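Coordinates in review
Letter by letter, the chains look like this.
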Amino acid sequence: MKQPATLRALVYSARFRGIVYQVAVVAGVLALGWYLVHNTLANLAARGIATGFGFMGQEAGFDIGEGLIAYSAADTYLRALVVGVLNTLKVAVLGIALASLLGLVVGIARLSRNWLVARLATFYVETVRNVPLLLQLFVWYGIVTALPGPRQALDLGLGVFISNRGLKVPVPEWHDSYWLAMLLLAAAFIGLFVLRRWAINRLYRTGRPFPWLSVGLAGLVVLPWLGFLLTGTPLVWSIPELKGFNFQGGADLSPEFAALLAGLTVYTASFIAEIVRSGILAVPHGQTEAALSLGLSRAKTLRLVVLPQALRVIVPPLTSQYLNLLKNSSLAVAIGYPDLVSVANTAINQTGQAVEGVALTMAVFLVISLALSLLMNWYNAKVALVSR
């Protein structure tokens, strides 16, 4: 008589039913996944299409216009995809940095007391974020390619030239003896963060500020200079020079990269500006009044009092905008920039292995997005308001 009662109690248990439902859902998902994979492999085999990732070791046979690492058509598909991933990361990292800076400036400008500044910022936000990004990329690409040729390039000074071939900028030439200077530069960056933490702790203990930023920036200049001095090798710059029909020397930002970076930056910054504005407005006005009553200027009040408190409101939606910028970089294929999607599409067209190519592209974006999310979640936890 006890067994049926126990079984009845188990059946009517909400926890038991929840476990059964979850097991059933997982089993259904696995069954559906097995069916899709089995059906795909059967259809590919019936059509004589090769499967697997063996093609990654084959010769790619196509060129890539630009990349952060050396590449030729004789390299493998794997190296071609690595070049595409690095190109995607390059535009994403620079886009995030520039969009954050522009969005911060525009967001603060929207709250400016100056009527003209506030209205211009509002016009920028409402115009840019309501125009499709793909259309904006076409506009930026048209602007860049409409610039004069290299012979009539615009000289921006300091060896910087801009033409329809892109942007040419001076870069330091690498020498094997520069390793000491680079090591000291890395040490200066680490010292800057250590000095900042020490200065903050000192301020809390004694109430006396320390100019950590000025000292740290001086270290970033002095320590590498000492490295060049000790090795006896001065820093040599490669300056762009017009030779024939194009510039030689320096670093080159292609028109496609420049258009993509400008489009992603301007578009994403319009959303970040609204996030910054809402974060500042979320801080009680009494905080501003208290800071001003202590004699702080409005600039210091914003930098030292308002923005640190606004970060806990800004960071979560800011993470979404960073992820959107990363994923929107796949639109580069529309203007010919060789990002991951563009390189993967070329590989798919040559090998016919669309499933593997798409799966690799999805996996790479997934890994990068998750890594970016983890980083932003960690930072969000650092700036979050700690409750007792």
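Provided above is the structure to which this section pertains.
Scope of this entry: the structure provided in the associated data block. Owing to the predicted nature of the structure, the values given are computational and were not obtained by experimental measurement.

**Points about the overall build of the protein**
A count of helical and extended segments in the protein gives 12 helices and 8 strands. A compact globule built from 388 residues would reach a C-alpha radius of gyration of about 21 Å, whereas the protein, at 28 Å, exceeds it by more than 25%. Along the first, second and third principal axes, the C-alpha set of the protein runs to 85 × 65 × 50 Å. For the protein, the residues scored as buried account for 33% of the 388 residues in total. Within the protein, counting contacts between residues at least 6 apart in sequence, those at least 24 apart form 65% of the total. Accessible surface, the protein: about 23,600 Å² in total, of which carbon and sulfur atoms supply 68%. Charge centroids of the protein, computed over 28 positive and 15 negative side chains, lie 23 Å from each other.

**Details of the sheet that holds strand E2 (residues 160-163)**
Spatially, E1-E2-E3-E8 is the arrangement adopted by the 4 strands of the open sheet, whose pairing is antiparallel. Looking at which strands have only one partner, the edges of the open sheet turn out to be strand E1 (154-157) and strand E8 (251-253). Sheet twist, expressed as the mean angle between neighbouring strand axes with direction ignored, is 20 degrees. For E1 and E2, the ladder comprises 3 bridges, and the chain directions are antiparallel. Opposite Gly 157, over in E2, you have Val 160 as the bridge partner.

**A few points about the pattern of salt bridges**
Within the structure shown, the criterion is met by 5 salt bridges. Note that Glu 66 is salt-bridged to Lys 90, the shortest N-O span being 3.6 Å. Taken together, the residues Glu 66 in the loop between helix H2 (14-46) and helix H3 (77-109) and Lys 90 in helix H3 connect sequence positions 24 residues apart. Lys 90 shares its class with Glu 66; the two are buried. It is possible to trace a salt-bridge network through shared partners that takes in Arg 110, Glu 274 and Arg 277.

**Notes on the packing of aromatic side chains**
The full count for this structure, using the stated rule, is 7 aromatic pairs. Between Trp 198 and Phe 210, the ring centres sit 5.1 Å apart and the planes meet at 85 degrees, which makes this aromatic pair edge-to-face. Here Trp 198, found in helix H6 (residues 179-206), pairs with Phe 210, found in the loop between H6 and helix H7 (212-231); they are 12 residues apart in sequence, far enough to count as distant. Residue classification places Phe 210 among the partly exposed residues on the basis of a relative accessible area of 28%. Its end group placed over the ring of Phe 257, Lys 90 keeps NZ or CZ at 4.6 Å from the ring centre.

**A short note on helix H12 (residues 354-383)**
Here H12 is 30 residues long and its end C-alpha atoms lie 43 Å apart, about the 44 Å a rise of 1.5 Å per residue gives. Regarding H12, the residues found buried are Glu 356, Gly 357, Thr 361, Phe 365, Ile 368, Ser 369, Leu 372, Ser 373, Met 376 and Val 383. Against the buried residues of H12 lie H3, helix H10 (298-328) and helix H11 (340-351).

**Some remarks on the side chain of Ser 369**
If you trace the backbone, Ser 369 turns up in helix H12. Exposure remark for Ser 369: the relative accessible area of 14% places this residue in the buried category. At 2.7 Å, the side chain of Ser 369 and the backbone oxygen of Phe 365 are in polar contact. Not counting the four nearest positions on each side in its chain, Ser 369 is found in contact with Leu 323 and Leu 326.

**Examining a nonpolar patch on the surface**
On the surface, a cluster of nonpolar side chains totalling about 430 Å² of accessible area is made up of Leu 134, Leu 135, Phe 138, Val 139 and Ile 143. Position of Phe 138 relative to the elements: it lies in helix H5 (residues 133-145). A residue is classified by how much of its surface remains accessible, and Phe 138, at 42% relative accessible area, is partly exposed.

Rules of the game
Residues numbered from 1 in each chain as written. Predicted model: local features only at pLDDT ≥ 70, side-chain atom pairs only at ≥ 80, totals over all residues. Heavy atoms only, no water. Helix = DSSP H or I, 4+ residues; strand = E, 2+ residues; numbered from the N terminus. Rg over C-alpha atoms; globule rule 2.2 N^0.38 Å. Buried < 20%, exposed > 50% of the residue type's maximum accessible area, 1.4 Å probe, protein only. Contact = heavy atoms within 4.5 Å. Areas by Shrake-Rupley, 256 points an atom, 1.4 Å probe, with all protein chains shown as cover. Lys, Arg positive; Asp, Glu negative; His and termini not counted. Charge placed at Lys NZ, Arg CZ, Asp CG, Glu CD. Pairing = 2+ DSSP bridges. Axes fitted to C-alpha atoms, helices over the stretch in contact; angles between N-to-C directions. Salt bridge = Lys/Arg side-chain N within 4 Å of Asp/Glu carboxyl O. Phe/Tyr/Trp six-rings, centres within 6.5 Å; stacked < 30°, edge-to-face > 60°. Lys NZ or Arg CZ within 6 Å of the ring centre and 35° of its normal. Expected span 1.5 Å × (residues − 1). Polar contact = N/O pair within 3.5 Å; in protein donor to acceptor, adjacent residues only side chain to side chain. Patch = residues over 30% accessible without salt bridge, like charges linked within 9 Å, V, L, I, M, F, W, Y side chains within 5 Å.

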